[in-house]
Amino acid sequence: MRKTSLECIYELAKRDDRVVFIGSDLGPGVLDLMKKEMPGRFFMEGVSEQHIVGMAAGMAMEGFIPFVNTIATFLTRRCYEQVALDLCLQDLPVRLIANGGGAVYAPLGPTHLAVEDIAILRALPNMTIVAPCDAEEMKRFMIKTLGWHHPIYIRLAKGGDAVVSKEQNGFEIGKAIVLREPGQGLFISTGIMTQLALKATEQLNVEGFSCGVLHMHTIKPLDNNSLLYWFPKVKGVVTVEEHTRIGGLGSAVLEFCNDEMPEQAAKISRIGIPDKFADQYGSQNSLLGHWGITVDSLCVAMRKQL
Amino acid sequence: MDQRSKYLRKLIVQALEGGGRGHIGASMSLVEILRVLYDSYLRYQPANANWAERDRFILSKGHGCLALYAILADKDFFPKEYLRTFCKPASLLGGHPERGKVPGIEASTGALGHGLSMGVGMALAAKIREQIYRVVVVVGDGEINEGSVWEAALSAAKHKLSNLTVFVDYNKLQSYGPNHEVLNLEPLADKWCSFGFEVEEVDGHDINALEKLTKRLPLNNQKPTLVICHTIKGKGFPFAEGKAEWHHKSGLKPEDIAAMYECLS
């Protein structure tokens, strides 16, 4: 997914001269073709996240569309004030490409895990947050960024993820996609958790629980209409995210229900990362398992709701 | 102090009178720097504030905005009557300047250490597109405690942004007290030199010296320029000059305002 997003930037840059790339201190060879063919629009600015976000804001004020790329946690925690004031307050079309959202960097420990990025960015007015579920969806999404006039946080998974999105579903920022029509139960998932939700529906369907998946690739702005449509039609809802249970997708769904259809809120169960720093290394999958974010736990949560 | 400098300060006092508060010391040290920039250096069109070829000016020490509001009002970016609405609920003029609200304000500033990075982005944009506008950023001395300023400085030098000039309002006093006690900046010129800037020092209240210097910009066509302006916090009001407690005042009383006008009569 990361590779695809970078390739997309190169393709977008070829077709639109407003596109520039700003990296911090990424691995050697990143976007070499773009650097070679468009050296004036490729910047590698060093380990200075506060500065590069501000610099991107300055370029956006002059009509550019900067794509800023580094590790998710450094693009959120480290430069939060720049994101809030330089990008969101001034509502500028800067794109933050965040490597390793969630548990991707499990072996590197809690300093490198972006597990509250959605929560802190969701609190910022004008921010848009998108977590595609696979590389193919990433492609369909990236082209849409050219016409979006606000800052976007793009949360990347590890890469090599199974492709579960479908071309015929298209992609609109802020419009959730039904990947499997629900019966009794509905999983609402984002990012690669959608893969997990789809697997859970397969298992549950075998058991006789007909469940579906609403892929909420855009966490902000939340697709309120899809929630209004589906909630009354199902018995139980389980939200799934590779993110702390505080302030992420599940919270967004709960907040919306509380505001607009409080009678539906009891249907919701939230699966996410517990409120503690990671205390294990291992792999993304092992850490997710340690946190109880597995196909089995999704099934258990859904059975309870039904 | 000549009549024009007094006049600009009177405009600031009008805003202080209207708002009953403001960063007095931090604005007064800036007046002559902004006066010279807007009287004889920057290119702009008040009636067409977004004119593409205008020079970009960012007041990174956003808390000094009263001085910027005064000069923008003086140049007819907005009516002078607005000054008296300072900090009122529906005013355009808040305690820190906001882009999109106030004509002539290029960037929203107030949180320190942001303006130089945005200025670098603007200067880089001009370079990429071979545009002729110049970028000027004013930073405070307390502000450059922020690490982000030095990140931006490295980047400006890397890109040889000769279209970028930074002025440091070096009044030697930050909110708590003297810079050298809070966090010593010296040797300040050496620091900026070593970061790749062409550096010059000037008396930040000397109109002639400031004008002469701006005529020589850029000082080096391969480097960004940094001008250390030696200034006096609270300049113009003897009771406030060099006093940290006048950095910001709220609850200003009629007698405080009268005392300020008295100094400018």
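Cut-offs used in this document
Residues numbered from 1 in each chain as written. Chains lettered and ligands numbered in written order. Predicted model: local features only at pLDDT ≥ 70, side-chain atom pairs only at ≥ 80, totals over all residues. Heavy atoms only, no water. Helix = DSSP H or I, 4+ residues; strand = E, 2+ residues; numbered from the N terminus. Rg over C-alpha atoms; globule rule 2.2 N^0.38 Å. Buried < 20%, exposed > 50% of the residue type's maximum accessible area, 1.4 Å probe, protein only. Contact = heavy atoms within 4.5 Å. Areas by Shrake-Rupley, 256 points an atom, 1.4 Å probe, with all protein chains shown as cover. Lys, Arg positive; Asp, Glu negative; His and termini not counted. Charge placed at Lys NZ, Arg CZ, Asp CG, Glu CD. Salt bridge = Lys/Arg side-chain N within 4 Å of Asp/Glu carboxyl O. Polar contact = N/O pair within 3.5 Å; in protein donor to acceptor, adjacent residues only side chain to side chain. Nonpolar A, V, L, I, M, F, W, Y, C, P; charged D, E, K, R; others polar. 1 Å grid on protein atoms, 1.4 Å probe; cavity = no way out; pocket = protein on both sides within 12 Å on 5 of 7 lines; lining within 4 Å. Points joined across faces, edges and corners; volume = space filled by probe spheres on them. Patch = residues over 30% accessible without salt bridge, like charges linked within 9 Å, V, L, I, M, F, W, Y side chains within 5 Å. Pairing = 2+ DSSP bridges. Axes fitted to C-alpha atoms, helices over the stretch in contact; angles between N-to-C directions. Disulfide = S-S within 2.5 Å.

Visitor: Is there a simple way to think about the overall build of chain B in this case?
Guide: For chain B, the count of helices and strands is 10 helices and 7 strands. The C-alpha radius of gyration of chain B comes to 17 Å, within 12% of the 18 Å expected for a compact globule of 265 residues. Dimensions of chain B along its principal axes, counting C-alpha atoms only, are 50 × 45 × 35 Å. For chain B, buried positions account for 57% of its 265 residues. Intrachain contacts of chain B at a sequence separation of at least 6 include 76% that bridge at least 24 residues. Surface summary for chain B: the accessible area is close to 10200 Å², and the carbon and sulfur share equals 50%. Looking at charge distribution, chain B has the averaged site of its 32 positive side-chain charges lying 3 Å from that of its 31 negative ones.

Visitor: I'm lost on the interface of chain A and chain B in this one. Help?
Guide: In many reports, interface size means the accessible area that the parts give up when they come together. Listed per partner, the contact involves 26 residues of chain A and 26 residues of chain B. Where chain A touches chain B, the interface holds 2 salt bridges. A salt bridge links A:Glu62 to B:Arg56; the nearest nitrogen and oxygen atoms lie 2.6 Å apart. Seen at the junction of chain A and chain B, the total is 13 residue pairs in polar contact (both at pLDDT 80 or more). When contributions to the side of chain A that touches chain B are tallied by element, the ones reaching two or more residues are strand 2 (42–44), helix 3 (49–61) and helix 4 (80–89) of chain A. Among the residues forming the side of chain A that touches chain B, the class breakdown is 10 nonpolar, 9 polar and 7 charged.

Visitor: What is the right way to look at empty space enclosed by the protein in this model?
Guide: Unoccupied space between atoms shows up once a probe the size of one water molecule is rolled over them. Tallied over the entire structure, the rule returns 2 cavities of 30 Å³ or more. Taken as a whole, the largest cavity encloses approximately 100 Å³ of empty space. Taken together, B:Tyr38, B:Leu42, B:Tyr44, B:Gln45, B:Asn48, B:Ala49, B:Arg54, B:Asp55, B:Phe57, B:Phe77, B:Gly104 and B:Glu106 make up the full set of residues lining the largest cavity. For the lining of the largest cavity, the per-class residue count stands at 6 nonpolar, 3 polar and 3 charged. In this model, the second largest cavity occupies a volume close to 80 Å³. Lining the second largest cavity, in full, are A:Gly101, A:Ala131, A:Pro132, A:Arg155, A:Leu156, A:Ala157, A:Thr190, A:Gly191, A:Ile192 and A:Glu242.

Visitor: Would you explain a nonpolar patch on the surface in this entry?
Guide: Residues and elements named next belong to chain B. A surface patch of nonpolar side chains, about 350 Å² in accessible area, is lined by Tyr176, Val182 and Leu183. As for its placement among the helices and strands, Leu183 is situated in the loop between helix 7 (179–182) and helix 8 (188–194). Judged by its relative accessible area of 45%, Leu183 is partly exposed.

Visitor: Got a minute to help me understand the sheet that holds strand 8 (residues 185–189) of chain A in this structure?
Guide: Two pairing modes exist for strands in a sheet, parallel and antiparallel, and in both the strands are linked by backbone hydrogen bonds. Residues and elements named next belong to chain A. Taken together, 5 strands build an open sheet; the order of strands is 7-9-8-11-12 and the sheet is mixed. Each edge of the sheet is formed by a strand with only one pairing partner; in this case those strands are strand 7 (177–180) and strand 12 (268–273). Mean inter-strand twist for the sheet, computed between neighbouring axes without regard to direction, equals 25°. Relative to strand 12, strand 11 (residues 236–244) runs parallel, the two being bridged by 5 bridges. Its bridge partner lying in strand 12, Val237 is registered against Ile268. Across the sheet, helix 9 (residues 249–260) touches strand 8, strand 11 and strand 12, and the angle it forms with strand 12 is around 155°.

Visitor: Can you walk me through the state of the cysteines in this structure?
Guide: Should the sulfur atoms of two cysteines be covalently bonded, the bond is a disulfide. All names here are of chain A. Considering all chains together, one arrives at 0 disulfides over all chains under this definition. Between Cys79, a cysteine without a disulfide, and Cys88, which holds the nearest cysteine sulfur, the sulfur-to-sulfur distance is 11 Å. In this model Cys133 remains outside any disulfide bridge; the closest cysteine sulfur is found in Cys8, 14 Å from its own.

Visitor: Hey, could you run me through the side chain of B:Ser5 in this one?
Guide: Residue and element names in this part refer to chain B. Position of Ser5 among the secondary structure elements: in helix 1 (residues 3–19). Of the residues examined, Ser5 reaches a relative accessible area of 2% and is grouped as buried. There is a polar contact of 2.7 Å between the side chain of Ser5 and the side chain of Glu32. Setting aside anything within four residues of it in sequence, one finds Ser5 in contact with Val31, Glu32, Arg35 and Ile207.

Visitor: Can you help me understand the pattern of salt bridges in this one?
Guide: Should the charged atoms of two oppositely charged side chains come close, the side chains can pair. Across all of its chains, the model carries 28 salt bridges over all chains by this definition. With its nearest N and O atoms 2.9 Å apart, the salt bridge here joins A:Glu116 to A:Arg77. With A:Glu116 in the loop between strand 4 (95–99) and helix 5 (117–122) and A:Arg77 in the loop between strand 3 (65–71) and helix 4, the pair connects residues that are 39 residues apart, well separated along the chain. Under the relative-accessibility criterion, A:Arg77 is labelled partly exposed at 33%. For B:Glu98, the salt bridge goes to B:Lys101, with nearest N and O atoms at 3.5 Å. On the accessibility criterion, B:Glu98 (26% relative accessible area) is partly exposed. The network of salt bridges with common partners includes B:Asp2, B:Arg4, B:Arg35, B:Asp39, B:Asp74 and B:Lys75.

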